[in-house]
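Chain residues, written in single-letter form:
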Amino acid sequence: MTIWISIVIAGIINYLTRLGSILLIKPERLSESTKKILGYVPSAVFPAIIFPAVFFNETNTIVQINDPKIIGFFVAIVIGYISKNIILTIIAGLISYWIVIFLF
Amino acid sequence: MSKKTENLLKGFYDVSPLLLPVVPFGIIFGAIGIELGFGPYVTYATSIIIFSGASQIVFFQLLSNGASSLIAITSSSVVSTRHLLYGAVVAQYLSKLSLMWKIFLSYLLTDQAFAVSQEFFKKNSNDEYKHYHLLGAGLTLWIVWQLTTVIGILLGSIVPEELGLSFTIPLTFLALLINYFRKIDHLIVIFLSGLSSILFYEAPLKSYIILSCVISLFIIFLINKFQKKI
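The structure presented is a predicted model; accordingly, all values stated were derived computationally and were not measured.

1. Quick look at the overall build of chain A
Argument step 1. Across its full length, chain A carries five helices and zero strands.
Argument step 2. Reading chain A from its N terminus to its C terminus gives the helix and strand order α-α-α-α-α.
Argument step 3. Against the 2.2 N^0.38 benchmark of 13 Å for 104 residues, chain A shows a C-alpha radius of gyration of 20 Å, more extended than a compact globule.
Argument step 4. Viewed in the frame of its principal axes, chain A has a C-alpha envelope of about 55 × 45 × 25 Å.
Argument step 5. In chain A, which comprises 104 residues, the proportion classed as buried is 39%.
Argument step 6. Relative to all contacts within chain A whose residues are 6 or more apart in sequence, the contacts with residues 24 or more apart total 27%.

So this is what it looks like as structure tokens:
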């Protein structure tokens, strides 16, 4: 039973984090500099999801420099920079990762 | 085709490449829930009630490691605080909507839906029906997440672990940043946030995500302020 209560509480809090700003922020009250800073939100949030997933192993230790994930990561950066294409970036990173895993 | 349908379909179209990691992740999540002993109903309920892959995983992992409910709830909530920032960004474009729309669209505001829809909002800020883009992207992700959770619950880990498909998660978020690779100010934020996330990875209650956001945003704020003075 407690598990259900926990899930509902976690769900409500999670939902409130999504609703909170949408409901409470009045755009006309935001200063220009705040709007500018909000423009950086994707660049501020996504790396915090990307970097630990690439640079840490399942055991929470830092990976080796020649780890397949590091190689896939850098290939994806280069292809992303050149192509500016989302699908190509993901595919290039994944394929280079697979090549290192399965061929070496 | 009406503008509403057009925007709805555009949301679906824009988010579809991002489904590549969502599908295996949903299946893996469903299978993990069963493996950790939470049973099919509890496992599925999190996908509908919490509806956030990262928070759901954190929640289950902590509980199964013997953490108290309080710790599990707090940690999964700290992980979801990033949505406050997403909400602040999209609030600029959704302020004229009715309360019902805001209540419903908030439920669908996931990482991937935010990523594609905020780009669309920026380019189409005068479009009266721009919120249909978020509806299309959000509903697509919701349906896929529900279906794949059920597949994982019923069929177990049908995704071979050797394929290392969990690596597609960081790859997708990286791909979402490619438009910023040529902008030096964004590169500074990306680097600062990435570095902070490594340094603070062991911080309590999985707070490294929100810590990294706050640190990188604060520093770029200072840099912008300093630049204006010179």
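2. Focus: the overall build of chain B
Argument step 1. Counting secondary structure elements, chain B contains 12 helices and zero strands.
Argument step 2. Beginning at the N terminus, the succession of helices and strands in chain B can be written as α-α-α-α-α-α-α-α-α-α-α-α.
Argument step 3. In terms of overall dimensions, chain B is globule-like: its C-alpha atoms have a radius of gyration of 19 Å, near the 17 Å expected for 230 residues.
Argument step 4. Counting only C-alpha atoms, chain B reaches 60 × 50 × 35 Å along its principal axes.
Argument step 5. In chain B, buried positions account for 50% of the 230 residues.
Argument step 6. The long-range share in chain B, meaning contacts at least 24 apart out of those at least 6 apart in sequence, stands at 74%.

3. Notes on the domain arrangement of chain B
Residues and elements named next belong to chain B.
Argument step 1. The assigned domain composition of chain B is domain 1 (3-160) and domain 2 (177-230).
Argument step 2. Contact residues are listed per partner, giving eight residues for domain 1 and six residues for domain 2.
Argument step 3. Every element with two or more residues in the side of domain 1 that touches domain 2 is listed here: helix H5 (69-80) and helix H6 (82-94).
Argument step 4. Among the elements that take part in the side of domain 1 that touches domain 2, H5 stands out by supplying four residues, more than any other.
Argument step 5. Partitioned by chemical class, the residues of the side of domain 1 that touches domain 2 number four nonpolar, three polar and one charged.

4. So, the environment of A:Ile95
Argument step 1. Mapped onto the secondary structure, A:Ile95 falls in helix H5 (residues 86-103).
Argument step 2. Once the C-alpha coordinates of A:Ile95 and A:Ser43 are considered, the two residues, 52 residues apart in sequence, prove to be 25 Å apart.

5. Topic: the nonpolar core
Argument step 1. One finds A:Val41, B:Phe59, B:Val90, B:Ala113 and B:Cys213 to be the most contacted residues of the largest nonpolar core, which totals 93 residues.
Argument step 2. It is helix H3 (residues 41-55) of chain A that contributes the most residues to this core, nine residues altogether.
Argument step 3. Non-local contacts of B:Val90, meaning those with residues more than four positions away in its chain, are made with A:Ile22, B:Leu109, B:Phe114, B:Ser117, B:Gln118 and B:Phe121.

6. Topic: the domain arrangement of chain A
Many authors give the size of an interface as the accessible area that is lost as the parts come together.
Argument step 1. Partitioning chain A into domains gives domain 1 (1-29) and domain 2 (40-103).
Argument step 2. A straight line from the C-alpha centre of domain 1 of chain A to that of domain 2 of chain A covers 31 Å.

7. Focus on the packing of helix H4 (residues 53-64) of chain B against H5(B)
Residue and element names in this part refer to chain B.
Argument step 1. Running from N to C, H4 and H5 point in directions that differ by 155°, and their axes come no closer than 9 Å. With respect to H5, the element H4 is oriented roughly antiparallel. Remark: the crossing between H4 and H5 carries right-handed chirality. Contacts between H4 and H5 pair Ala54, Ser55, Val58, Phe59, Leu62 and Leu63 from the former with Ile71, Ala72, Ser75, Ser76, Val79 and Ser80 from the latter.

8. What to know about unusual backbone geometry
Argument step 1. With a phi angle near 65°, A:Asn60 is a residue other than glycine that sits in the positive phi range.
Argument step 2. By the C-beta count within 10 Å, which is 9 here, A:Asn60 ends up exposed.
Argument step 3. Even without being a glycine, B:Leu205 presents a positive backbone phi close to 55°.
Argument step 4. In this structure, B:Leu205 sits in the loop between helix H11 (184-199) and helix H12 (208-229).
Argument step 5. Given 15 C-beta atoms within 10 Å, B:Leu205 falls into the partly exposed group.

Here is what the cut-offs are and how they apply
Residues numbered from 1 in each chain as written. Chains lettered and ligands numbered in written order. Predicted model: local features only at pLDDT ≥ 70, side-chain atom pairs only at ≥ 80, totals over all residues. Helix = DSSP H or I, 4+ residues; strand = E, 2+ residues; numbered from the N terminus. Rg over C-alpha atoms; globule rule 2.2 N^0.38 Å. Buried ≥ 20, exposed ≤ 12 C-beta atoms within 10 Å, placed from the backbone. Contact = placed C-beta atoms within 7 Å. Domains from an automatic or database assignment. Nonpolar A, V, L, I, M, F, W, Y, C, P; charged D, E, K, R; others polar. Core = buried A, V, L, I, M, F, W, Y, C linked by C-beta atoms within 7 Å. Axes fitted to C-alpha atoms, helices over the stretch in contact; angles between N-to-C directions. Parallel < 35°, antiparallel > 145°, perpendicular 65-115°, else oblique. Left-handed = near helix turned anticlockwise from the far one by under 90°.

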